[in-house]
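Listed below, chain by chain, are the residues.
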Amino acid sequence: MRPKFYLFALCATASWLTAENSRADLVATNSFSIGTKNFTLNFEVGHDGRLYQRAIGATAVNEKLLRTDESYPQAGDGYVWEPALQITHADGNTSTSLIFDNLTRTTDNTGREITQIQLHDPAYPVQVALNFRADQARDVIEQWTKIVNHESGVVTLERMASSSLVFAPTNVHLTHFFGDWAKEMLQPITEPITPGTKVLDSKLGVRADQFQNPSFVVSLDGPPQETGGRVLAGSLEWSGSFQCAFDDNGENIHALCGVNPFASAYHLNPGETFTTPKMIWVWSANGLGDMSRKLHSWARDYGMRDGHKTRAVLLNNWEATGFDFNFNRIVGLYDPAKEIGTELFLLDDGWFGNKYPRVNDHAGLGDWQPNKKRLPEGLAPLASEAVKRGLRFGIWLEPEMVNPKSELFEQHPEWVIAQPKRALELQRNQMVLDLTRPAVQAFEWSNISNILSVPDITYAKWDCNRYLTQPGSSYLAAGRQSHLWIDYVTALYALMDKTAKTFPDTELMLCSGGGGRVDYGALKYFQEFWPSDNTDPTQRVPMQWDYSYFFPPMAIASHVTHWGNRPMHFACSVAMSARFGMDLDLNKLSAADKAVCAGAISAYKQIRDVTAFGDLYRLENPHETFRGAINFVSPDRARAVMFAFQLKDGEATPVHPQGLDPAKNYTVHELNPAPGRAAIPAAGKTFTGEELMRDGIVPSCAHAVEASVIEISS
Ligand code: GLA
């Protein structure tokens, strides 16, 4: 399709603003908007030629443009708050002044409209294009920026935000998620945005998160609510150091999101282009529930692989065996796995390394040859033994890492990311390989492709168990060390993309020592992510609740383990509300627990299309009350499934499902009821959707660590 093209006449005698007159009134000369069904960004070009954005959430349209309304503010020529762009030009000038050039609208091959706003600096031939892709029905706008250097010398990008939306400062709140290893997404924080700059960021290089997740919610009507109020979710598509700065300058708030400018100056040669990662914004005027459902639907289409396929029930050996296994021990897990109904076996860490066997986490990473003592015939017989028994086979990889105790490190000590003249700082006894080096890229690809080419391997878990603490590259030139942060992630995405394209039928789990890489930058190459090594179901209830603001439960891997020593029925019920798997030694499980697992797997197979493709309704917030409750409704509203997870003792009060068809008749059944518990009062009875939503359903759980899974079908 030919782009539509808009060009506005600019006032040639525009008076340039300085910091002193930055509050001067400017009259808009032209305006345009970019929007979806319910979400519009309104832009104006001022008499000075600059691009302004009318603040989101402003109660009345302010006729006067202020310099603080600038859409993508640049440092050095009058704008004194947090800039979106900061460039040092080839001649050393540290200012940039962008004026509006033109606007084009095109449609991509998915039917979504892309608007490109071209800006340029009249004094320096640097071109900046702001790009917006709008998903009309889902109210999702992705924004990213392209910067082209047409100067004759090198320019340096000191800051280059993906997006910088402007909000009116009226009761705006920010909800964000702090955490740590095994505590990911467990601490939602909601706070008003107040004058000054609030920064959410990370400086970890090879992953976005250890402490701060790159997804958040801005709410415009006070703290966000589940079923009402204006909310905007933001999520950065980037698996490296990021920064989201909420800069409240008293007049309005800029949300500046992108790669972290920390130590990341990026030099652009003449003719080179820098493209920022994409920032995802999702709007709802009806609260967090509606916001999430739109984002989940977008994610199934564009944010992840195979968003329209259900997932096989998985059995992982990590919690069962750790590093302690051999061929026979693994094959011994297959028959009981098949017996209880699992469909896919994942062999975790510990299968490789010969000179330095991977028998613990001190050695072997980097030497990706199967250990001859444990697996004398390699991986293929393990995989074919699984397939013979009707199970698929998957494998664990950590392609980016190396233990100093490895043949790889002996041969290529210069391949690790480290700082010269500093002692190597290990995390989990390992170092990160320098992916900016082409030889490392080729090495990692050859390992990935060799392993995934083993016949019958159709699943892999891609792990990354440390982050950068000494960001030095012996490959990059002295003057290009600051490129490491960005070039690493770009090379990583190239590797992930090649893996997904070369092995289209191999499912991939994204893992980073727990949930370090839970972001849409990487997820587009994966079917699912590992949210946390913490699998205690009492912790998973609030954790999965929080992840579900941004990610569809079908992408959230949830395995039954012995963490927390919770009752098996509770653990299974929690895991089957997301992407269901198990990490148990089935040979050591009691007959009673095995029966509970088998019942949960069979129930999950019955409802997995509803939990994968249905709309999610969050009903009772486990952070606020004695239980957590959610329900899913199939797209045709013919079927639903409701989960109640009791965290503390409390009354067995009704849980009110949402999203049902009020006029439809639904019959209620409890799935895989806990042994010995009385049937729910509504069991086998039929009600209209209206009755069920109004009167609720009393679940069978009444005490802490009990759960109830209820199918509602027409
Ligand atoms: C990380 C992962 C675990 C497991 C181990 C293996 O910690 O999060 O699930 O795979 O690595 O070493």
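Sequence order as written defines the numbering, with residues in each chain counted from 1. Given that this is a predicted model, residues contribute local features only at a pLDDT of at least 70 and side-chain atom pairs are listed and counted only at 80 or more, while totals for whole chains, interfaces and linings are drawn from all residues. Only hydrogens and water are set aside when side-chain values are computed; all heavy atoms of the structure are taken into account.

Draft legend 1. Molecular detail of the overall build of the chain. Helix numbering and strand numbering both begin at the N terminus, where a helix is a DSSP run of H or I of at least 4 residues and a strand a DSSP run of E of at least 2. Helix and strand content of the chain: twelve helices and 36 strands. The buried label goes to any residue with under 20% of its type's maximum accessible area, the exposed label to any with over 50%, and the partly exposed label to all in between, with areas taken from a 1.4 Å probe on protein chains only. The buried share among the 714 residues of the chain stands at 63%. Throughout, a residue-residue contact means that at least one pair of heavy atoms, one from each residue, lies within 4.5 Å. Contacts in the chain between residues at least 24 apart in sequence constitute 69% of all its contacts with a sequence separation of at least 6. Accessible surface, the chain: about 24900 Å² in total, of which carbon and sulfur atoms supply 51%. Under this rule, positive means Lys or Arg and negative means Asp or Glu; His and the chain ends count for nothing. Working definition for charges: the position is that of NZ of Lys, CZ of Arg, CG of Asp or CD of Glu. Counting 64 positive and 81 negative side-chain charges, the chain places the centres of these two groups 4 Å from one another. Accessible surface is estimated by sampling points in the Shrake-Rupley manner with a 1.4 Å probe; for residues, cover comes only from the protein chains shown.

Draft legend 2. Spatial organisation of a nonpolar patch on the surface. There is a patch of nonpolar side chains on the surface, built from F178, I189 and F211 and spanning about 230 Å² of accessible area. Relative to the elements of secondary structure, I189 occurs in strand β12 (residues 187–192). Classification of I189 as partly exposed rests on a relative accessible area of 31%. Patch definition: residues above 30% relative accessible area lacking any salt bridge, with like charges linked at up to 9 Å and the nonpolar side chains Val, Leu, Ile, Met, Phe, Trp and Tyr linked at up to 5 Å. What counts as a salt bridge is simple: a side-chain nitrogen of Lys or Arg found within 4 Å of a carboxyl oxygen of Asp or Glu.

Draft legend 3. Region of interest: the sheet that holds strand β29 (residues 557–560). Pairs of strands are assigned from DSSP output, requiring at least two bridges between the strands. The strand order across the open sheet built from eight strands is β28-β27-β26-β23-β22-β21-β30-β29, with neighbouring strands paired in parallel fashion. One side of each edge strand has no neighbouring strand; the edge strands of this open sheet are β28 (528–529) and β29.

Draft legend 4. Representation of the site of the ligand in the model. Working definition: residue near molecule or strand if any one of its non-hydrogen atoms lies within 4 Å of it. Around the ligand, a shell composed of 13 residues is seen, among which D348, D349, R428, K461 and D533 lie nearest. For the ligand, the accessible surface in isolation is 310 Å², of which the surrounding protein chains cover 94%. Partitioning the shell around the ligand into residue classes produces four nonpolar, three polar and six charged. Basically, the charged four are Asp, Glu, Lys and Arg, the nonpolar ten are Ala, Val, Leu, Ile, Met, Phe, Trp, Tyr, Cys and Pro, and anything else, Gly included, counts as polar.

Draft legend 5. Local environment of the packing of helix α9 (residues 537–547) against helix α10 (residues 568–575). Note on definitions: angles span 0 to 180 degrees between N-to-C directions of axes, and those axes are lines fitted to C-alpha atoms, for helices only across the stretch in contact. Where α9 meets α10, the axes come as close as 9 Å, and the angle between the chain directions of the two elements is 20°. One way to sum up the angle between α9 and α10 is to call them roughly parallel. For the pair α9 and α10, the crossing hand works out as left-handed. When α9 is examined against α10, the residues P537, T538, R540, V541 and Q544 are found in contact with a partner set consisting of F570, A571 and V574. Between 65 and 115 degrees an angle is taken as roughly perpendicular, under 35 as roughly parallel, over 145 as roughly antiparallel, and anywhere else as oblique. Left-handed is the label given to a crossing in which the near helix is rotated counterclockwise from the far helix by less than a right angle, and right-handed is the label when the rotation is clockwise.

Draft legend 6. Expanded view of the pairing of strand β3 (residues 40–46). Buried residues dominate β3, accounting for five of its seven residues. Counting the residues in the hairpin turn of β3 and strand β4 (residues 51–53) gives four residues, including G49, whose phi is positive at 85°.

Draft legend 7. The arrangement of the domain arrangement of the chain in detail. Considered domain by domain, the chain is made up of domain 1 (74–303), domain 2 (314–533) and domain 3 (616–713). All the domain ranges listed were derived from an automatic or database domain assignment. The distance between the C-alpha centroids of domain 1 and domain 2 comes to 31 Å. Tallying the contact residues gives 38 residues for domain 1 and 33 residues for domain 2. Contact with domain 2 buries surface across domain 1, with V206, R207 and W238 losing the most and accounting together for 24% of the total. Inspection of the domain 1/domain 2 interface yields one salt bridge. Across the salt bridge formed by E237 and K524, the nearest N and O atoms sit 3.4 Å from each other. Two N or O atoms form a polar contact when they lie within 3.5 Å of each other; inside protein one atom must be a possible hydrogen donor and the other a possible acceptor, and for residues adjacent in sequence the pair counts only when both atoms belong to side chains. Summed over the shared surface of domain 1 and domain 2, the result is 19 residue pairs in polar contact (both at pLDDT 80 or more). Elements that contribute at least two residues to the side of domain 1 that touches domain 2 include exactly β15 (231–236), β18 (266–268) and α1 (287–303). Ranked by residues supplied to the side of domain 1 that touches domain 2, first place goes to α1 with five residues. Partitioning the side of domain 1 that touches domain 2 into residue classes produces 22 nonpolar, eleven polar and five charged. Defined in terms of a 1.4 Å probe, buried area is the accessible area two parts forfeit on being brought together, summed over both.

Draft legend 8. Region of interest: the pattern of salt bridges. Counted by the stated rule, this structure contains 43 salt bridges. For E44, the salt bridge is made with R54, and the minimal N-O distance between the two is 2.9 Å. With E44 in strand β3 and R54 in the loop between β4 and β5 (85–88), this pair connects stretches of sequence that are ten residues apart. Of the residues examined, E44 reaches a relative accessible area of 10% and is grouped as buried. One salt bridge in this structure joins D221 and R230, with 2.8 Å as the shortest N-O distance. Bridged by salt links that share partners, the residues D48, R50, R67, E70 and D77 form one connected network.

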